[in-house]
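Residue-level listing of the chains:
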Amino acid sequence: MDIDKIREEFPILAQEVYKKPLVYLDNAATTQKPKVVIDAISNAYCTINANVHRGVHHLSQLSTEGHEGGRERVRQFINAKSTKEIIFTRGTTESINLVASSFGEAFLNEGDEVIISAMEHHSNIVPWQMLESKKGIKLRVIPITPNGELDIDAFRKLLNERTKLISVAHVSNVLGTINPIKDIVEEAHKINVPVLVDGAQGAPHIKIDVQALDVDFYVFSGHKMYAPTGIGVLYGKEKWLEAMPPYQGGGEMIAKVTFEKTTFNELPFKFEAGTPDYVGVMAMTAALDYIENVGIENIAAHETGLLQYTTSKLSEIEGITIYGNATHKSGVISFNVDGIHPYDIGMLLDKQGVAVRTGHLCAQPLMDLLGIPGVVRASFALYNTHEECDKFIVALQRAIEICR
Ligand code: 7TS
């Protein structure tokens, strides 16, 4: 991988912040966009913009081809069986809410149990909690081990005849832990329980094959994988999506409407009410092409190199606690410095041009479990360099000096 050349493809990276070269290490929150993605948005609006699926005119046909071509591109990217299984959403959060609402309506009743884990993002906690009050279901939580892995023995013990769904992160946005999805699915399927995987931090870094994983639902956000904000994916096995009622009503999702009765469109349109973000889909297509051209395995190997390098440098600094030391870990390092609030570190890093995330990272229950108010998190993408990791470490040492 030629990182210098890659960096040139991301216009935002060339800028300075407070007269210091930008070191962008907040990629788990959102990634920057390559020019091909930005151009795809601009090209769509400059050349083919028209609403999809409804016009006989030339532009509408081109736009529909771009949109549905994007669906096929996503299908290939995650190796789904059919484009009927690819639903476009606004992102991970909306995808999980769609399943909670629609699967919940069809299959969950009072006393039923949904299993999540202690390392979930709020997006994979709150929608299920809303079903606790609405439907009287019960949430069960898989505990984690001291090094930040799922306690699989405890998970097995949670499974019972009341378990109706398991919903877990592929990769933790705090701990970086890559969870053993295949093992979880195997266990769950032994008792015919479906599994939803929150792939927000998985899909950008790991080759996803939904058929090999045999997951029932896999969800992710475009913006964390070099695509624009506002576009994401819900993959669902056709047998589940067929059996689930629509999430929202409106245009696109209907077959026939009268004032007496409405019949719904077929998959995937049944779940896509209203004008879809077809420009977002076209730009996401460009992002997926971009990732595949570089090679997701190459991206992952590069990020793992940065993770190991930075972890070892960080460990040499006195008073640092790193959260999450899983054997299989993605390019995320969350840490604290003894006696210094994470916000102070984040602010002092920012003044030196280094962008990191601080706070609870939308994982307050995990923070409570760790007994901390928040963390500082550095997270890597394909365009980060070892030199940037060095700058981060120097800036951190300076921040610690100022605070002590
Ligand atoms: N699930 C996980 C594991 C995430 O990391 C995030 C976003 C979401 C769900 C929600 O994704 P969205 O695109 O629908 O917002 N995580 C973060 C983060 O770590 N910092 O900012 C957003």
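Every residue gets a number counted from 1 within its own chain, in the order that chain's sequence is written. Only residues with pLDDT of 70 or above have their local features reported here, since the model is predicted, and side-chain atom pairs are shown and tallied only from 80 upward, although totals for entire chains, interfaces and linings are computed over all residues. Here the side-chain values reflect all heavy atoms present in the structure, with hydrogen atoms and water set aside.

So, the site of the ligand
Counted only if it meets this: Whether a residue is near a molecule or strand depends on its heavy atoms: it is near if one of them lies within 4 Å of it. Definition of a polar contact: a pair of N or O atoms within 3.5 Å, with one able to donate and the other able to accept a hydrogen when the atoms are protein atoms, and with sequence-neighbouring residues admitted only if both atoms are side-chain atoms. Here, Shrake-Rupley sampling with a 1.4 Å probe gives the accessible areas, and only protein chains in the shown set may cover a residue. Put simply, Ala, Val, Leu, Ile, Met, Phe, Trp, Tyr, Cys and Pro go in the nonpolar bin, Asp, Glu, Lys and Arg in the charged bin, and everything else, Gly too, in the polar bin. Each domain's limits were defined by an automated method or a database of domain assignments.
Lining the immediate surroundings of the ligand are 15 residues, of which Thr93, Asp198, Ser221, Arg357 and Arg377 lie closest. Within the contact set of the ligand, an oxygen atom lies 2.7 Å away from a side-chain nitrogen or oxygen of histidine 223. Protein contacts shield 87% of the accessible area of the ligand, which totals 490 Å² for the unbound molecule. Of the residues in the shell around the ligand, the class split is three nonpolar, eight polar and four charged. Two domains each provide a minimum of three residues to the shell around the ligand, namely domain 1 (3-30 + 295-403) and domain 2 (38-292).

Describing the sheet that holds strand β7 (residues 163-169)
Rule in force here: Pairing between two strands requires that DSSP report at least two bridges joining them. Put simply, DSSP marks the helices as runs of H or I at least four residues long and the strands as runs of E at least two long, and each gets a number from the N terminus on. Only the stretch in contact is used when fitting a helix axis, every axis being a line fitted to C-alpha atoms; angles between N-to-C directions are given from 0 to 180 degrees.
Pairing is mixed across the open sheet formed by seven strands, whose spatial order is β4-β10-β9-β8-β7-β5-β6. Each end of this open sheet is capped by a strand with a single partner; those strands are β4 (86-89) and β6 (138-142). Here the average twist between neighbouring strands, direction ignored, is 20°. Note: β7 against strand β8 (residues 195-198), four bridges, orientation parallel.

Considerations on the domain arrangement of the chain
Rules: Any two residues whose heavy atoms approach within 4.5 Å at even a single point are treated as in contact. Summed over both partners, the accessible area (1.4 Å probe) lost when two parts come together is defined as the buried area. A pairing counts as a salt bridge when a side-chain nitrogen of Lys or Arg comes within 4 Å of a carboxyl oxygen of Asp or Glu.
Domain annotation for the chain reports domain 1 (3-30 + 295-403) and domain 2 (38-292). One C-alpha centre belongs to domain 1, the other to domain 2, and the line joining them spans 28 Å. With 37 residues of domain 1 at the contact, the number on the domain 2 side is 30 residues. For the pair domain 1 and domain 2, the summed buried surface comes to about 2700 Å²; carbon and sulfur atoms form 58% of the total. When the buried surface of domain 1 facing domain 2 is broken down by residue, Ile296, Cys362 and Leu366 rank first, second and third, together holding 22% of it. There are zero salt bridges connecting domain 1 and domain 2. Applying the counting criterion to the domain 1 and domain 2 interface returns 20 residue pairs in polar contact (both at pLDDT 80 or more). The set of elements that each furnish at least two residues to the side of domain 1 that touches domain 2 consists of α11 (296-315), β14 (332-337) and α13 (364-370). Split into classes, the residues belonging to the side of domain 1 that touches domain 2 amount to 22 nonpolar, 10 polar and five charged.

Digging into the environment of glutamine 61
Operational definition: Working definition: with a 1.4 Å probe on protein chains only, accessible area under 20% of the residue-type maximum means buried, over 50% means exposed, and in between means partly exposed.
Of note, glutamine 61 is situated in helix α3 (residues 58-78). Assessed through its relative accessible area of 41%, glutamine 61 is described here as partly exposed. Sequence separation between glutamine 61 and glycine 339 is 278 residues; the distance between their C-alpha atoms is 61 Å. Ignoring any residue separated from it by four or fewer positions in sequence, one finds glutamine 61 in contact with Gly55 and Val56. Within the structure, the side chain of glutamine 61 is placed 2.8 Å from the backbone oxygen of valine 56, a separation counted as a polar contact.

Here we look at helix α12 (residues 342-350)
For α12, the full list of buried residues reads Pro342, Ile345, Gly346, Leu348 and Leu349. Contact partners of the buried residues in α12: β14, β15 (354-355), β16 (357-359), β17 (375-379) and α14 (386-403).

Some thoughts on the nonpolar core
Short version of the rule: The criterion is simple. A nonpolar core is a set of buried Ala, Val, Leu, Ile, Met, Phe, Trp, Tyr and Cys residues joined through side-chain atoms within 4.5 Å.
Judged by nonpolar contacts, the single largest core of 69 residues is most densely connected at Ile78, Ile166, Val215, Tyr218, Tyr226, Leu382 and Tyr383. At nine residues, helix α10 (residues 278-294) tops the list of elements feeding residues into this core. Taken domain by domain, this core gets at least three of its residues from each of domain 1 (3-30 + 295-403) and domain 2 (38-292). When sequence neighbours within four positions are dropped, the list of residues in contact with leucine 382 reads Met1, Ile3, Ile6, Phe10, Tyr226, Tyr290, Val294, Ile299, His302 and Glu303. If you look at the next biggest cluster of nonpolar residues, it comprises 25 residues, including Leu25, Ile333, Val337 and Leu349.

Remarks on the pattern of salt bridges
For the coordinates displayed, the defined rule picks out 22 salt bridges. Between lysine 190 and glutamate 187 there is a salt bridge, and its shortest N-O distance comes to 3.2 Å. Here lysine 190 pairs with glutamate 187, and both are found in helix α7 (residues 181-190), just three residues apart, close to one helical turn. Residue class for lysine 190 comes out exposed when judged on its relative accessible area of 62%.

Regarding the packing of aromatic side chains
Where we set the bar: Two rings from Phe, Tyr or Trp (for Trp, the six-membered ring) form a pair when their centres sit within 6.5 Å of each other. Planes less than 30 degrees apart are called stacked, planes more than 60 degrees apart edge-to-face, and all others tilted. Should the NZ of a Lys or the CZ of an Arg lie within 6 Å of a ring centre and within 35 degrees of the ring normal, that charge is described as sitting over the ring.
Summed over all chains, the structure comprises 10 aromatic pairs. Consider the rings of phenylalanine 107 and tryptophan 240, whose centres lie 5.4 Å apart with planes at 90°: the pair is edge-to-face. Taken together, the positions of phenylalanine 107 in helix α4 (residues 92-107) and tryptophan 240 in helix α9 (residues 238-243) put the pair 133 residues apart, joining distant regions of the chain. By relative accessible area, which is 15% here, tryptophan 240 ends up buried. With a centroid separation of 6.1 Å and 65° between ring planes, the pair formed by phenylalanine 335 and phenylalanine 392 is classed as edge-to-face. One end of the pair, phenylalanine 335, is in strand β14; the other, phenylalanine 392, is in helix α14, with 57 residues separating them in the sequence. What makes phenylalanine 392 buried here is its relative accessible area of 0%. The structure contains a cluster of three or more aromatic residues connected by ring pairs, namely Phe10, Tyr226, Tyr290 and Tyr383. Note that lysine 207 overlies the ring of phenylalanine 77, its terminal NZ or CZ placed 5.5 Å from the centroid.

A short note on the sheet that holds β14
Spatially, the four strands line up as an open sheet ordered β13-β14-β17-β16, and their pairing is antiparallel. Each of the sheet's edge strands pairs with one partner strand only, and the pair in question is β13 (320-323) and β16. Each strand of the sheet is rotated relative to its neighbour by a mean of 30°, with strand direction disregarded. Pairing of β16 with β17, which is carried by three bridges, proceeds in the antiparallel orientation.

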